[in-house]
Amino acid sequence: MVKISNKCKICRSLSQKLFLKGDKCYSPKCLMVKRPYPPGVKRKRPTLSKSEYKTQLTEKQKLKYYYMLTETQLKNEIKKILKRRGKVSDVAILFLQSLERRLDNVIFRTNFALSRKHARQLINHGFFKLNEKNINKAGIKVKKGDKITLRESKKTEKLKQLIKMRIKNFNPPQWLKIDKENLIIEVIDDPIIDNQTIPPINLSFIFEFYSR
């Protein structure tokens, strides 16, 4: 699990809003709005040229923190997709779809959790079931036709009420469907990758970083 002592510092150091603190990231209180420059700097510095390695490393860090992955998890995902280079038309799309299929990401995308970290905590504590089977692995990949539900227990009652309030006027991504009354998430298609799915990240730099 990725340990983050101060999520705002990560976004500021990478000069990219990664939406690590849920609702606060969309409010004027977001430090990337109030202080859009690296920690320890009193004001924004002139942009300095970066080395090729530094550029690749920065892009890799953005993606890792955005999806809340460990270094090993990201490296394994990259290795799998690099093996398919030349065999498929767009490895970048397949790579992002693979990350979007993670159970913690699906819980977050449907607004059942405030952030991916929050989603992971709920999954690890056994709040969810996948296709009627208890699940506590946040990194498991969902597929078309899968259904995610909340376990029936006393400890989920309060959570259900909170989720119902959050999703009342919420529209999930097109590839996911929510039964708002029964709190059921259904995967109805492959993940759709567009400009709203992830922040501006240059995946080619990340592939080059791991191809060294």
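A brief structural summary. Keep in mind it's a predicted model, so treat the numbers as computed, not measured.

Bringing the pattern of salt bridges into the picture now. One pass over the structure, following the stated rule, counts twelve salt bridges. With a closest N to O distance of 2.8 Å, E100 and R109 form a salt bridge. In terms of burial, E100 and R109 fall into one category: buried. Here D190 makes a salt bridge to R101, at a shortest N to O gap of 2.9 Å. Taken as a pair, D190 in the loop between β5 (184–187) and α9 (203–210) and R101 in the loop between α5 (91–100) and α6 (103–109) lie far apart in primary sequence, 89 residues in all. For D190, a relative accessible area of 36% corresponds to the partly exposed category. By relative accessible area, which is 18% here, R101 ends up buried. Shared partners join several salt bridges into a network, and the residues in it are K60, K64 and E71.

The phi torsion at M68 lies on the positive side, around 55°, for a residue other than glycine. Positionally, M68 belongs in the loop between α3 (52–66) and α4 (71–82). Residue classification places M68 among the buried positions, given a relative accessible area of 4%. A positive phi angle is found at L183, which is not glycine, with a value near 55°. Here L183 is to be found in the loop between β4 (176–179) and β5.

Judged by nonpolar contacts, the single largest core of 25 residues is most densely connected at I107, F112, F128 and I148. Sorting the residues of this core by element identifies α6, α7 (116–124), β1 (128–130), β3 (147–150), α8 (157–167), β4 and β5 as the ones contributing at least two each. Judged by nonpolar contacts, the second largest core, of 19 residues, contains L63, L74, V91 and L96.

Attention now goes to the environment of P173. You can see P173 is positioned in the loop between α8 and β4. Each C-alpha atom, one on P173 and one on P191, is 8.4 Å from the other, the two residues being 18 residues apart in sequence.

Below, the discussion takes up the environment of E132. Mapped onto the secondary structure, E132 falls in the loop between β1 and β2 (133–134). In sequence terms E132 and R151 are 19 residues apart; their C-alpha atoms lie 8.8 Å from each other.

Close contact between α4 and α9 brings their axes to 10 Å; oriented N to C, the two are set at 95°. The orientation of α4 with respect to α9, classified from their angle, is roughly perpendicular. Together, E71, L74, K75, I78, I81 and L82 of α4 and I206, F207 and Y210 of α9 make up the contact between the two elements.

Pairing of β1 with β3, which is carried by three bridges, proceeds in the antiparallel orientation. Looking at β3, one finds that F128 is bridged to L150. Direction of pairing for β3 relative to β5: antiparallel, over a ladder of three bridges. Bridging from a neighbouring strand, K147 pairs with E186 of β5.

With that out of the way, let us pick up the environment of L99. Here L99 is to be found in helix α5. Considered as a pair, L99 and L74 are 25 residues apart in the sequence and their alpha carbons are 9.3 Å apart. Once residues lying within four places of it in the same chain are set aside, the contact partners of L99 are L63, Y67, L69, E77 and N105.

Conventions and cut-offs
Residues numbered from 1 in each chain as written. Predicted model: local features only at pLDDT ≥ 70, side-chain atom pairs only at ≥ 80, totals over all residues. Heavy atoms only, no water. Salt bridge = Lys/Arg side-chain N within 4 Å of Asp/Glu carboxyl O. Buried < 20%, exposed > 50% of the residue type's maximum accessible area, 1.4 Å probe, protein only. Helix = DSSP H or I, 4+ residues; strand = E, 2+ residues; numbered from the N terminus. Core = buried A, V, L, I, M, F, W, Y, C linked by side-chain atoms within 4.5 Å. Axes fitted to C-alpha atoms, helices over the stretch in contact; angles between N-to-C directions. Parallel < 35°, antiparallel > 145°, perpendicular 65-115°, else oblique. Contact = heavy atoms within 4.5 Å. Pairing = 2+ DSSP bridges.

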